[in-house]
Amino acid sequence: MTQPRHNAARRAALVAGLAACVTLSGCASGPAANPKDPFEPYNRAMFTFNDKVDQVALKPAATAYKKVLPEFVQTGVNNFFSNLGDLWTGVNNLLQGKPKDGLSDFGRFGLNSTVGMLGLLDPATSAGLVKHREDFGQTLGVWGFPSGPYLMLPLLGPSTVRDTAALPADWQGDLWTYKEPVHWRTAGTIVRVIDQRAVLLDASNLLEEAALDRYEFIRDGFFQRREGQVRDGESAPAAAQETQDDNEQAPTDAPAATGEKPVETDGEAKPADSTPAVQAKPATDNQPEKRIESL
């Protein structure tokens with residue numbers, strides 16, 4: 001069996017993260033500067049470790065990759081692994097109660113895997129099938145599980161207790177996990193990580209040059225991004241305020257005066273003849289977005 005071997009590094013990172021949750025829960029003392037980050041001393045130390053690994057190994061490899069390989073080759077690599085992620089994204093959309101998005105994701109995978117030559121090309125986007133990105137951590141969030149404290153995982157980057165607990169499911173849902181033989185799977189994983197890092201070179205350089213606390217910037221941005229992903233881009237405070245405003249205006253709303261029956265759409269009252277806006281997620285890859293958090 002090769003499955004235990006190729007998952008050894010991933011499991012080690014997961015065990016380290018879960019162990020940190022258990023150990024640090026009894027070590028945090030005094031009020032934290034950020035209530036969502038009670039393990040900040042540990043997280044900062046792990047952030048420094050990850051940053052050193054990036055500066056010594058990952059960033060130089062990504063820089064060479066971007067300089068040497070033609071752009072169309074980089075695009076093909078990115079498309080290939082992005083296509084593999086569409087299947088698991090579709091499963092999560094179904095689990096979140098979004099069958100239309102889930103079927104669209106399955107359609108993307110089928111079209112790109114055939115017409116797109118195993119995903120090297122992306123005809124699905126040209127055909128109007130929008131790229132989504134979903135993982136099991138988001139699904140747990142949709143189901144009502146709180147994110148829990150912020151946690152910086154070794155090599156994997158920013159996470160939360162909820163997202164860390166969801167990692168085994170995400171790994172099992174990644175088709176590349178089952179690639180045989182093992183040496184091809186390992187080589188592909190290395191290329192995948194380098195490609196993801198290469199996509200973010202310009203953004204990371206700007207971040208490194210900025211005069212700010214990179215740890216806080218990445219942490220706060222991570223929480224904001226994850227909340228937006230769970231809510232499909234809708235801000236919770238904004239949604240609550242809109243609902244409150246609608247309730248306050250209900251007695252004097254125009255539909256009541258005209259006799260039109262309002263239709264509830266995501267908590268917002270709309271006239272029956274109005275067409276609700278369709279919000280689509282940006283067509284970006286799952287993993288490259290994930291990598292910017294660990295820079």
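Conventions we followed
Residues numbered from 1 in each chain as written. Predicted model: local features only at pLDDT ≥ 70, side-chain atom pairs only at ≥ 80, totals over all residues. Heavy atoms only, no water. Helix = DSSP H or I, 4+ residues; strand = E, 2+ residues; numbered from the N terminus. Buried < 20%, exposed > 50% of the residue type's maximum accessible area, 1.4 Å probe, protein only. Contact = heavy atoms within 4.5 Å. Areas by Shrake-Rupley, 256 points an atom, 1.4 Å probe, with all protein chains shown as cover. Core = buried A, V, L, I, M, F, W, Y, C linked by side-chain atoms within 4.5 Å. pLDDT = per-residue confidence, 0-100. Axes fitted to C-alpha atoms, helices over the stretch in contact; angles between N-to-C directions. Parallel < 35°, antiparallel > 145°, perpendicular 65-115°, else oblique. Nonpolar A, V, L, I, M, F, W, Y, C, P; charged D, E, K, R; others polar. Polar contact = N/O pair within 3.5 Å; in protein donor to acceptor, adjacent residues only side chain to side chain. Expected span 1.5 Å × (residues − 1). Salt bridge = Lys/Arg side-chain N within 4 Å of Asp/Glu carboxyl O.

A. Quick look at the overall build of the chain. A count of helices and strands for the chain gives 14 helices and four strands. In the chain, which comprises 295 residues, the proportion classed as buried is 39%. In the chain, once contacts between residues fewer than 6 apart in sequence are set aside, the share between residues at least 24 apart is 69%. A total of about 15,900 Å² of accessible surface is found on the chain, and carbon and sulfur atoms cover 65% of it.

B. Highlighting the nonpolar core. The biggest cluster of nonpolar side chains holds 15 residues, and the ones touching the most others in it are F47, Y150, L151, M152 and I218. Contributing elements (two or more residues each) for this core: α3 (40–68), β1 (150–153), α8 (161–172) and α11 (214–230). Ranked by size, the runner-up nonpolar core spans ten residues in total, among them A62, F81, L84 and A198.

C. Looking closely at the confidence of the model for the chain. Predicted confidence across the chain gives a mean pLDDT of 79, with 68% of residues reaching 70 or more. Overall, residues 1–6 carries pLDDT values under 50, and its contacts beyond four positions in sequence, including any with other chains, amount to eleven contacts. For the stretch residues 15–32, pLDDT sits under 50, and the model shows 17 contacts to residues farther than four places along the chain or on other chains.

D. Seen up close, the packing of α3 against α11. Where α3 contacts α11, the two axes come as close as 11 Å, and the packing angle between them is 105°. One finds that α3 runs roughly perpendicular with respect to α11. Here E40, N43, R44, F47 and D51 of α3 come into contact with α11, specifically with R214, Y215, E216, I218 and R219. A breakdown of the residues in the contact of α3 with α11 according to their chemical character gives three nonpolar, one polar and six charged.

E. How the structure looks around the environment of H183. Looking at the element boundaries, H183 is found in helix α9 (residues 182–199). By relative accessible area, H183 is classed as exposed at 53%. Side-chain polar atoms of H183 contact the side chain of W184, separated by 3.3 Å.

F. Just the environment of L58, in detail. By the secondary structure assignment, L58 is in helix α3. Overall, the relative accessible area of 16% leaves L58 in the buried class. Separated by 136 residues in sequence, L58 and I194 have C-alpha atoms that sit 6.7 Å apart.

G. Quick look at α9. Across its 18 residues, α9 extends 26 Å between first and last C-alpha, which sits within 8% of the 26 Å expected from 1.5 Å per residue. Restricting attention to buried positions, one finds in α9 the residues V182, R185, G188, R192, I194, D195, Q196, R197 and A198.

H. Expanded view of the pattern of salt bridges. Evaluation of the coordinates by the stated rule reveals 21 salt bridges. As a salt-bridge pair, R44 and D213 come within 2.9 Å of each other at their nearest N and O atoms. A residue pair is termed long-range when its members are at least 10 positions apart, and R44 in helix α3 and D213 in the loop between α10 (201–209) and α11 qualify at 169 residues. With relative accessibility at 27%, the residue R44 sits in the partly exposed group. Taking the relative accessible area as the measure of exposure, D213 reaches 32% and is therefore partly exposed. D202 is the partner of K66 in a salt bridge, and the nearest nitrogen-oxygen pair spans 3.7 Å. Remark: D202 occurs in helix α10 and K66 occurs in helix α3; sequence separation between them is 136 residues. The exposure class of D202 is exposed, given its relative accessible area of 51%. Linked by salt bridges that have partners in common, D37, E40, R44, D213, E216, R219 and D220 make up one network.

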